[in-house]
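Observations on chain architecture
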Amino acid sequence: MDEALHRRRFRILPFLGPAFIACVAYIDPGNFATNVAGGSKFGYRLVWVIVAANLMAMLIQILSAKLGIATQRNLPEVCRDRLPRKASLGLWIQAEAIAMATDLAEFLGAAIGIKLLTGMPLFPAAVIAGIAAFAILGLQRFGFRPLEAVIAVFVGVIGICYIAELSFAHPAWNQVFKHAVTPQFGSSEAVLLSVGILGATVMPHVIYLHSALTQDRIVAESDEDAQTLLRYTRIDVLIAMSIAGLINVAMLVMAASTFFKTGLLDVDSLEGAHKTLQPILGGASSALFALALIASGLSSSAVGTLSGQVVMQGFINRQIPLLLRRLVTMIPAFIVIAVGVDPSRTLVISQVVLSFGIPFALIPLVYFTSRRDLMGALVNRRITTVAAGVIATAIVGLNIFLLADTFGLI
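Here goes a summary of the coordinates provided. Quick caveat: nothing in here was measured; it's all calculated off a predicted structure.

1. Considerations on helix H3 (residues 29-42)
- Taking 1.5 Å per residue, 14 residues should reach 20 Å; H3 reaches 20 Å between its end C-alpha atoms and fits that length.
- Burial analysis of H3 places 14 of its 14 residues in the buried class, which makes it a mostly covered element.
- Looking one or two places after H3, you find Gly43, whose phi comes out positive at around 65 degrees.

Spelled out as structure tokens, the structure:
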């Protein structure tokens, strides 16, 4: 690592960015759908799920970034190098399926947001969302900094919108803090929504992406340099994921203090939330909701497309043009719109589907980052591996419970 890096040792700004790109996936339209549904049906009861999921996500994203720093390879590439070809191919197929579910939610969310803000029909709103998504991806030709800056602006817009929303909603903060540290479900429906919240919070495609964002950003030339990079990376993740977590909590709290409090327990669609906010909190509140949804959908859609490129390149060493991938992944959203499927319900279901992809990204990540021969000085401490293993086990257990409940086995 050159001397310039050492001179900047105590300047964090040059190292910020990758986690902000990753954190966008944690505040995508799927989060809007699951958090609105959770808050309206169960009040503040599921705040703890968001807190727990966000803490899990912090650890997972640090491990992903650390893998990139230590190996100069992203997670799919390491899987391709270290696992049997059939296993790598199977991981690629499921990762592409998860990426499609992700992109469906993100693109639909942007289109719904434009529709809610402007009043235009959903299909032309989707066309506008598509044009905007192409424009955002086009920034990549100018390097990673312009894209990171635009993504950071989108995150800021979402955060400001929800700060304003909470000022209108006047939540019961004592109840928020109580339920942030008091785990409870109460019903199988709450478990279903909790798995959806988990799927919307811990995102498998950014587990792959984060390792790619750090693999060659700055190459460490010594163990000391690697430790320095990891230290700054932890700060990057802590800041970005804390912002994402607070926004997620704000989404659920807004729904709980607005809908659940007034007896509107079945506000389970984004359109319903927007329509209901206006008479309760005023037109400004509903407009802020739509604006935040647009910012969320457009930014997370761009990040999802980048993740798809990493998945294909890493697992099977193939690539297609980025804009072609963006075009192809828009098709399912246009089909959903054309056939008249409920877009908000589709968003919630897509988040449940996403949660099933988490173990396939998380288990290889934990395994590889625990290998000293691969990670060198950045190998996991034993307690880190144990904590990540507990997280993976908890996620798999929740998914098994959800399957059993869905098919009437319990």
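Still more to cover.
2. Some details on the packing of aromatic side chains
- Scanning the model with the defined rule gives five aromatic pairs in all.
- Relative to Phe315, the ring of Tyr208 has its centre 5.5 Å away and its plane inclined at 85 degrees; by these criteria the two rings are edge-to-face. Taken together, the residues Tyr208 in helix H11 (residues 204-214) and Phe315 in helix H14 (residues 283-316) connect sequence positions 107 residues apart.
- One aromatic cluster is present, built from ring pairs that chain together Phe107, Phe123 and Phe334.

3. So, the packing of helix H7 (residues 122-138) against helix H15 (residues 322-339)
- At a minimum axis separation of 11 Å, H7 and H15 run at an interaxial angle of 165 degrees. Relative to H15, the element H7 lies roughly antiparallel. For H7 against H15, the interelement crossing comes out right-handed. From H7, Leu122, Phe123, Ala126, Val127, Gly130, Ala133, Phe134 and Leu137 reach across to H15, where they touch Leu322, Leu323, Arg326, Leu327, Met330, Phe334 and Ile337.
- Class assignment for the residues of the contact of H7 with H15 results in 13 nonpolar, one polar and one charged.

4. Looking at H11
- Burial of H11 is extensive: ten of the eleven residues sit out of reach of the surface.
- Listed in full, the buried residues belonging to H11 are Pro204, His205, Val206, Ile207, Tyr208, Leu209, His210, Ser211, Ala212 and Thr214.

5. Focus on the nonpolar core
- Core analysis: the biggest nonpolar cluster contains 127 residues, and Leu46, Tyr162 and Leu362 have the highest contact counts within it.
- Looking at this core element by element, the count peaks at 17 residues for helix H12 (residues 223-260).

6. Quick look at unusual backbone geometry
- Here the phi dihedral of Gln72 falls at roughly 55 degrees; this positive angle occurs in a residue that is not glycine.
- Looking at where Gln72 falls in the secondary structure, it is placed in the loop between helix H4 (47-71) and helix H5 (75-82).
- For Gln72, a relative accessible area of 30% puts it in the partly exposed group.
- With a phi angle near 55 degrees, Asn317 is a residue other than glycine that sits in the positive phi range.
- Inspection of the secondary structure assignment puts Asn317 in the loop between H14 and H15.
- On the basis of relative accessibility, which here comes to 45%, the residue Asn317 falls in the partly exposed class.

7. What about the layout of surface pockets?
- Computed from the structure, the largest pocket encloses a volume of approximately 460 Å³.
- Lining the largest pocket are 21 residues, with Gln140, Ala212, Leu213, Asp216 and Val310 positioned closest to its centre.
- Broken down by secondary-structure element, the contributors of at least two residues to the lining of the largest pocket are helix H2 (18-23), helix H8 (144-169), H11 and H14.
- Take the lining of the largest pocket: its biggest share by element is four residues, from H14.
- For the lining of the largest pocket, a count of residues per class yields ten nonpolar, seven polar and four charged.
- Its volume calculated, the second largest pocket comes out at about 250 Å³.
- Elements supplying a minimum of two residues to the lining of the second largest pocket: H4 and H12.
- A per-element tally of the lining of the second largest pocket places H4 first, with four residues.
- A per-class count over the lining of the second largest pocket returns seven nonpolar, two polar and three charged.

8. Let's talk about the pattern of salt bridges
- Overall, the coordinates contain four salt bridges when judged by the stated rule.
- Of the charged contacts in the structure, one is a salt bridge between Glu77 and Arg73, with a shortest N-O distance of 4.0 Å.
- Glu77 sits in the buried class, given a relative accessible area of 6%.
- With relative accessibility at 26%, the residue Arg73 sits in the partly exposed group.
- A salt bridge links Arg73 to Asp81, with the shortest nitrogen-to-oxygen separation between them at 2.7 Å.
- On the accessibility criterion, Asp81 (45% relative accessible area) is partly exposed.
- Residues joined in a network through salt bridges with shared partners are Arg73, Glu77 and Asp81.

9. A look at the side chain of Gln215
- Mapping Gln215 onto the fold places it in the loop between H11 and H12.
- With a relative accessible area of 10%, Gln215 lands in the buried category.
- A polar contact of 3.0 Å, which involves the side chain of Gln215, links it to the side chain of Asn74.
- Of the polar contacts made by the side chain of Gln215, one reaches the side chain of Glu77; its length is 3.3 Å.
- If sequence neighbours within four positions are ignored, Gln215 has contacts with Gly68, Gln72, Arg73, Asn74 and Glu77.

Parameters at a glance
- Residues numbered from 1 in each chain as written.
- Predicted model: local features only at pLDDT ≥ 70, side-chain atom pairs only at ≥ 80, totals over all residues.
- Heavy atoms only, no water.
- Helix = DSSP H or I, 4+ residues; strand = E, 2+ residues; numbered from the N terminus.
- Expected span 1.5 Å × (residues − 1).
- Buried < 20%, exposed > 50% of the residue type's maximum accessible area, 1.4 Å probe, protein only.
- Phe/Tyr/Trp six-rings, centres within 6.5 Å; stacked < 30°, edge-to-face > 60°.
- Axes fitted to C-alpha atoms, helices over the stretch in contact; angles between N-to-C directions.
- Parallel < 35°, antiparallel > 145°, perpendicular 65-115°, else oblique.
- Left-handed = near helix turned anticlockwise from the far one by under 90°.
- Contact = heavy atoms within 4.5 Å.
- Nonpolar A, V, L, I, M, F, W, Y, C, P; charged D, E, K, R; others polar.
- Core = buried A, V, L, I, M, F, W, Y, C linked by side-chain atoms within 4.5 Å.
- 1 Å grid on protein atoms, 1.4 Å probe; cavity = no way out; pocket = protein on both sides within 12 Å on 5 of 7 lines; lining within 4 Å.
- Points joined across faces, edges and corners; volume = space filled by probe spheres on them.
- Salt bridge = Lys/Arg side-chain N within 4 Å of Asp/Glu carboxyl O.
- Polar contact = N/O pair within 3.5 Å; in protein donor to acceptor, adjacent residues only side chain to side chain.

Read these as geometric descriptors, not functional statements.
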